[in-house]
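# What the coordinates show
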Amino acid sequence: ESLTVQELAKKLHREPSEIIKKLFMLGVMATINQTLDKDAIELIAGEYGVEVEEEILVDLTDLESLVTDDAPENTIERPSVVTIMGHVDHGKTTLLDSIRNTKVTEGEAGGITQHIGAYQVEVSGKKITFLDTPGHAAFTTMRARGAQVTDITILVVAADDGVMPQTVEAINHAKAAEVPIIVAVNKMDKESANPDRVMQELTEHGLVSEAWGGDTIFVPISAKQGEGIDTLLEMVLLVGEVEEYKANPERRAVGTVIESRLDKGRGTVATLLVQNGTLKIGDPIVVGNSFGRVRAMVNDLGRRVKEAGPSTPVEITGLNEVPDAGDRFIVFEDEKTARQVGETRAQRQLVSSRNEKSVVTLDNLFEQMKQGEIKELNIVLKADVQGSAEAVAASLQKIEVEGAKVKIIHSGVGAISESDIILASASNAIVIGFNVRPDVNAKRAAEAENVDVRLHRIIYKAIEEIEAAMKGMLDPEF
Ligand code: GDP
């Protein structure tokens, strides 16, 4: 990473002249537009204290520049990353399965496919990466965090059903992200299939097929019977060739979290999509607000691998905490820096989440519930000590199930009291007790008010339970 004197001054909130003076004192003659190397930057940052130095290092939002900033001669072609979108029941899952079944096993005899959130297939000697969480929830969540992982969208439209509300949503998401769309007209095996109607309807949304003088690729398929899949994949390769997706496998890896969870045996498990560089075992890494060393890596066939190049998804262990889907990751040169950056980021998040907590009143809670735009699971949390209350709250707040989140409306230390129950009841919350129990009055109140009280002694059990509950509380997709 390099900065000019002017850029560094801006990051440090100082005048460039001051930086030039400092450099001069350190024996370096510099002008305002001069580019400084890493050592010089660290030296100057050090002059302003460790905090300032960290400030520069923690800015992971600069990832996009890292992803694209390679000299052309250092880059090579990388596999396209594809997301499948479309209306519910139009065949996204069937298509993902069909692609995987027909292609993954061919060259990889004996591989046992493993769901890690993404997989790779090989077509005509080239690889394609598929994100296998269908629908645009994942796509949108990641975009909301500023992470763009998708290169190409396959829009699945059932030929017997035509363009539906989520088809239009998907088109809008892809367009907003400026991601090329390939239309897969699915269920062509059905009697009632009417591909012309699909083409007609999509014209109204700016997707005009090549046959009709436009530039959108349409491929008729039957995901169920495996028909047209080869052509579809050839078209993905074609678009990839035209768009020329490239990366530099020689650099330290950067990329995005696809999925993450806490595993009983293995600890924190995260699927990372390497977007540039090569990720290796032992790499010191910062992932969102967590950090660690890459302990083990497993690919989509369940095999242990030692490295993962551009566009490759791998499941890793070795992080101190569970990151969020859409979080970016960067490999650092040494473990000390990774730790420093990770800890600073976690600290910041803790501070900002504390500040976000608004005063809880029964009135505003009711309002918030009524709005119901953002689905939230409200929780009243009690724990034996402040430290565990904070730890549990931090983990709970990371939960996200298809856009729905947890909201800790109240957390405190000590036994669960009657007022905790009343608060929970009034705000349609559940109560979690961590190493504490309800007192007699609270028990009675909970029964009377039908408040769900859950007692736990292990953090991940609490998390698992909440996640399961959240899956159940969501409205069914239409
Ligand atoms: P998703 O909600 O978009 O993931 O859709 P699914 O993949 O779950 O498919 C919905 C239903 O459509 C299932 O019953 C599938 O078996 C069926 N389906 C998917 N693709 C085809 C196809 O090509 N032909 C026919 N006849 N049915 C299909």
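Scope of this entry: the structure provided in the associated data block. (Residues numbered from 1 in each chain as written. Predicted model: local features only at pLDDT ≥ 70, side-chain atom pairs only at ≥ 80, totals over all residues. Heavy atoms only, no water.)

## Some details on the side chain of Lys92
Where we set the bar: Put simply, DSSP marks the helices as runs of H or I at least four residues long and the strands as runs of E at least two long, and each gets a number from the N terminus on. Buried means the residue's accessible area, taken with a 1.4 Å probe over protein chains only, is under 20% of the maximum for its type, while exposed means over 50%, and partly exposed covers the values in between. Two N or O atoms count as a polar contact when they lie within 3.5 Å, although within protein this holds only if one can serve as hydrogen donor and the other as acceptor, and sequence-adjacent residues are included solely when both atoms are side-chain atoms.
Counting through the fold element by element, Lys92 comes out in helix α6 (residues 92–107). Accessibility expressed as a relative area gives 10% for Lys92, which makes it buried. Among the polar contacts made by the side chain of Lys92, one reaches the main-chain carbonyl oxygen of His87 at a distance of 2.9 Å.

## Some details on the site of the ligand
Our working rule: Note on terminology: near, applied to a residue and a molecule or strand, indicates that one of the residue's heavy atoms is within 4 Å of it. Each accessible area value is a Shrake-Rupley result obtained with a 1.4 Å probe; residue values ignore everything except the protein chains displayed when judging cover. Ten residue types, Ala, Val, Leu, Ile, Met, Phe, Trp, Tyr, Cys and Pro, are classed as nonpolar, four, Asp, Glu, Lys and Arg, as charged, and the remainder, Gly among them, as polar.
Within the structure, the ligand sits among 15 residues, and Asp89, Lys92, Thr93, Thr94 and Asp189 are positioned closest to it. One of the backbone N or O atoms of Lys92 is found 2.8 Å from an oxygen atom in the ligand. Take Asp189: an N or O atom from its side chain is 2.6 Å from a nitrogen atom of the ligand. When the ligand sits alone it has 570 Å² of accessible area, and the protein chains cover 76% of it. If one sorts the elements of the shell around the ligand by residue count, α6 sits on top with three residues. For the shell around the ligand, a count of residues per class yields two nonpolar, seven polar and six charged.

## With respect to the environment of Thr75
One can find Thr75 in the loop between α5 (63–68) and β3 (76–77). Put simply, Thr75 and Tyr245 are 170 residues apart on the chain and 9.5 Å apart in space, counted from C-alpha to C-alpha. Here Pro72 takes part through its backbone oxygen, which lies 2.9 Å from a polar atom of the side chain of Thr75.

## What to know about the sheet that holds strand β12 (residues 267–276)
The strands that make up a sheet pair up through hydrogen bonds in the backbone, lying either parallel or antiparallel. Under the convention used in this document: The rule for pairing is simple: two strands pair if DSSP sees at least two bridges between them. Each axis is a line fitted through C-alpha atoms, and for a helix only the stretch in contact is used; angles between axes span 0 to 180 degrees, taken between their N-to-C directions.
Strand order in the closed barrel formed by six strands is β11-β12-β17-β15-β14-β18, and the pairing between neighbours is antiparallel. Averaged over all pairs of adjacent strands, the angle between strand axes in this sheet comes to 45°, irrespective of strand direction. Sheet topology note: the strand β15 (residues 290–298)/strand β17 (residues 313–319) ladder contains four bridges and is antiparallel. Looking at the pairing, Met297 lines up with Ile316 of β17.

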